[in-house]
Amino acid sequence: MNQSLVKKTIDWTLYAVTIVYILTGFGITQYRIIERLTFGLLSKSFSLSIHENLLVLFLTLLSMHLLFRPITQIYSSLKKSRAARA
């Protein structure tokens, strides 16, 4: 799989999860406004359960986003050193 496609997928997924994470956070603190904006779909208790369950996914995607470039640089340098030996 192309590294650029993987990076874009991680970035856009992190973006979507961040938006949902912020929205559910507001759904917990400002539940009257968010319930009205989402036509009752996002209640305070539902926002809390989604928000708690998104934490691990958010932190995983954030770590992948931050560590993608160093990992690919290490991988490419190892690949070059193996090619030089052969």
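To be clear, the structure that these remarks concern was listed above.
In short, a report on the structure. (Residues numbered from 1 in each chain as written. Predicted model: local features only at pLDDT ≥ 70, side-chain atom pairs only at ≥ 80, totals over all residues. Heavy atoms only, no water.)

Another point: the packing of aromatic side chains. All chains considered together, the criterion is met by two aromatic pairs. Between the aromatic rings of Trp12 and Tyr15, the centroid separation amounts to 5.7 Å while the plane-to-plane angle is 85 degrees, which identifies the pairing as edge-to-face. Here Trp12 and its partner Tyr15 are both found in helix α1 (residues 3-29), three residues apart, which amounts to about one turn of the helix. Assigned by exposure class, Trp12 and Tyr15 land together as exposed. Here the aromatic rings of Tyr21 and Phe58 are separated by 5.2 Å at their centres, their planes lie at 0 degrees, and the arrangement is stacked. Remark: Phe58 occurs in helix α3 (residues 44-85) and Tyr21 occurs in helix α1; sequence separation between them is 37 residues. In terms of burial, Tyr21 and Phe58 fall into one category: buried. (Phe/Tyr/Trp six-rings, centres within 6.5 Å; stacked < 30°, edge-to-face > 60°. Helix = DSSP H or I, 4+ residues; strand = E, 2+ residues; numbered from the N terminus. Buried < 20%, exposed > 50% of the residue type's maximum accessible area, 1.4 Å probe, protein only.)

One pass over the full model with this rule turns up one salt bridge. Here Lys7 makes a salt bridge to Asp11, at a shortest N to O gap of 3.3 Å. Within this pair, Lys7 and its partner Asp11 are both found in helix α1, separated by four residues, close to a single helical turn. Residue classification places Lys7 among the partly exposed residues on the basis of a relative accessible area of 24%. Look at Asp11 and you get partly exposed, because its relative accessible area is 26%. (Salt bridge = Lys/Arg side-chain N within 4 Å of Asp/Glu carboxyl O.)

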